[in-house]
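# Report on the structure
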Amino acid sequence: MSGNVSIDLSKDLFKDLAGAIQSTRKAAIALAKLPTASKNDALEEIALALEQHAETILVANQKDLAAATANQLPSALIARLKLDANKIRGMIAGVRDVIRLADPIGDRQIHRELDKGLILERLTCPLGVIGVIFEARPDAVTQIAALGIKSGNGVILKGGSEAVHSCEAIATVMHQALAELFAKQGGVSPQVVQLLTTRAETLAILKMDKLIDLIIPRGSNQFVRYIQENTHIPVLGHADGVCHLYVDAAADLDKAVAIAVDSKTQYPAACNAIETLLVNQAIASKFLPLASSALQERGVKLLGCDRTRTMIDVSPATESDWSTEYCDLILSIKIIDSLEEAIAHITTYGSKHTEAIVTEDLAIADIFTSDIDAAGVYHNCSTRFADGFRYGFGAEVGISTNKMPPRGPVGLEGLVTYKYRLVGDGHIVATYAGANAKAFTHRDL
């Protein structure tokens, strides 16, 4: 999706879609009042249905993969699009992990007496209706739906056209599971989750700031920036995933090689894969031959600064490479002279996503993790750990690089807000104002 998209948004389409989202909003209000057990029952029903219909989902995914290959879509997008038995198992495990998480709704964060008989509470509550727009990644459908249900939110899902068969198959399985359970015992309405399939619908929901409370885009830089620039609805997400690994002078070289290989090759299409490797000049001559051999064995194309190219045989890196998110088996390498230079480089070119250092010097590690401004700062481990499932969030709806929370992988806690509830007995503010003002007690209960 780009800034020059021009699609006729007919009044009928907008009206029909608004009506459907109103239904989701109504269902979400009922969902917010349900006990934890009802929400967990619905999630278990979804997990069972995914197990029973895994083959149907994989067949649908094959249609999308065939079309993507025929249309010569980028390899990184095809990698995100592809489902297999392992990914299906991961989807199911993600749903069941959300079941095990504590219910985030109704948590009393403040319980305070302002005065006798005047009691203030701050209670967590759902956001309302969340619109999640994503490219490829059909496995995101179950992650987002599960987190939406557990957090009491209605969810509007819009997958990319390249994943339409996969998303429809997954959404149909979930919808049928919820409908059957709802018919038997009530609880979670199937209307709490809706799937949209056309680009016109995407453009329409961006204009529905009265019906949708949050938009979460997941996809390419261009795609996310388009969403951010074309809606008045709050947007949670990140446009870039330019992550770095800095190998310090005090690094254990075996650790550094293993971490670099994992951070780049474990899933190169992911936003938490490294795009630039920074190497301290003090160990570059020993480390680079080891790292380049290990990375090239896994098919990584290496690009290097002038100093790097005097030590290993790689293609030249240009200025634009330092700010490029490859989402592919390509890695830029730069030799630097100090920790301060590494931090300066990351500050200039990084996207505040995830940054890592390999060093045995704890003082150096502390400076790095303190001074780097990113959602994730890691010491002696792979950047690929930046993930809601790996953090124990059950799943994630996306990763946010915003400075204001939520930040990093966004799980249940990022999908709730809070409200203040004040209960009195005829209390009025005039009692606490003026020359004879009564004092508040402000006593925590």
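Treat the numbers as computed from the prediction; the structure is a model and nothing was measured. (Residues numbered from 1 in each chain as written. Predicted model: local features only at pLDDT ≥ 70, side-chain atom pairs only at ≥ 80, totals over all residues. Heavy atoms only, no water.)

## Let's talk about the packing of helix H10 (residues 253–265) against helix H11 (residues 281–297)
Think of two packed helices as two axes; the pair is described by the angle between the axes and how far apart they sit. Test applied: Between the N-to-C directions of two axes lies an angle of 0 to 180 degrees, each axis being a line fitted to C-alpha atoms and, for a helix, fitted only over the stretch in contact. Only runs of H or I of at least four residues qualify as helices and only runs of E of at least two qualify as strands under DSSP, and these elements are numbered from the N terminus. Orientation categories follow fixed angle ranges, with anything under 35 degrees roughly parallel, anything over 145 roughly antiparallel, 65 to 115 roughly perpendicular, and all other angles oblique. Left-handed describes a crossing in which the near helix is turned anticlockwise from the far one by less than a right angle; the clockwise case is right-handed. Contacts are assigned to residue pairs with any non-hydrogen atoms lying within 4.5 Å of each other. Polarity classes work like this: nonpolar for Ala, Val, Leu, Ile, Met, Phe, Trp, Tyr, Cys and Pro, charged for Asp, Glu, Lys and Arg, and polar for all others, with Gly in that last group.
Remark: H10 packs on H11, axes separated minimally by 10 Å, with the N-to-C direction vectors making an angle of 40 degrees. Comparing their axes, H11 and H10 come out oblique. In the packing of H10 onto H11, the handedness of the crossing is right-handed. Between H10, through Leu253, Ala256, Val257, Ala260, Val261, Lys264 and Thr265, and H11, the contact on the second element is made entirely by Ile283, Lys286, Phe287, Leu290, Ala291, Ala294 and Leu295. Of the residues assigned to the contact of H10 with H11, the class counts are 11 nonpolar, one polar and two charged.

## Some points on the nonpolar core
What counts, and what does not: What we call a nonpolar core is a set of buried Ala, Val, Leu, Ile, Met, Phe, Trp, Tyr and Cys residues that are connected through their side-chain atoms within 4.5 Å. Relative accessible area decides the class of each residue, using a 1.4 Å probe on protein chains only: under 20% of the type maximum gives buried, over 50% gives exposed, and in between gives partly exposed.
Membership of the largest hydrophobic core comes to 56 residues, with the highest contact counts inside it found for Leu50 and Ile149. In terms of residues, this core owes the most to one element, helix H7 (residues 164–185), which gives eight residues. With 36 residues, the next largest nonpolar core counts Ala294, Leu295, Ile312 and Tyr326 among its residues.

## Brief notes about the packing of helix H5 (residues 85–100) against helix H6 (residues 140–150)
Close contact between H5 and H6 brings their axes to 9 Å; oriented N to C, the two are set at 15 degrees. Between H5 and H6, the crossing angle belongs to the class labelled roughly parallel. You can see that H5 and H6 cross each other, and the crossing is right-handed. Seen from H5, the contacting residues are Met91, Val95, Val98 and Ile99; seen from H6, they are Thr142, Ala146, Leu147 and Lys150. Its residues assigned to classes, the contact of H5 with H6 comprises six nonpolar, one polar and one charged.

## What about the environment of Gln266?
Applicable threshold: Pairs of N or O atoms are called polar contacts if they sit within 3.5 Å, as long as, within protein, a hydrogen donor faces a hydrogen acceptor (for residues adjacent in sequence, only side-chain-to-side-chain pairs).
By the secondary structure assignment, Gln266 is in the loop between H10 and strand S8 (274–280). Note: C-alpha distance between Gln266 and Ala42 (224 residues apart in sequence) is 33 Å. Discounting chain neighbours no more than four positions away, the residues touching Gln266 are Val261, Arg384 and Arg390. There is a polar contact of 2.6 Å between the side chain of Gln266 and the side chain of Arg384.

## Describing the side chain of Asp139
Heads up, the condition is: Lys and Arg are tallied as positive, Asp and Glu as negative. Neither His nor the chain termini are counted. When a carboxyl oxygen of Asp or Glu is within 4 Å of a side-chain nitrogen of Lys or Arg, the pair counts as a salt bridge.
Mapped onto the fold, Asp139 is located in the loop between strand S3 (129–134) and H6. No salt bridge is formed by the buried Asp139; the nearest opposite charge belongs to Lys87, separated by 4.9 Å. Discounting residues that sit within four places of it in the chain, Asp139 has contacts with Arg80, Leu83 and Met91.

Don't take any of this as a statement about function, it's just geometry.
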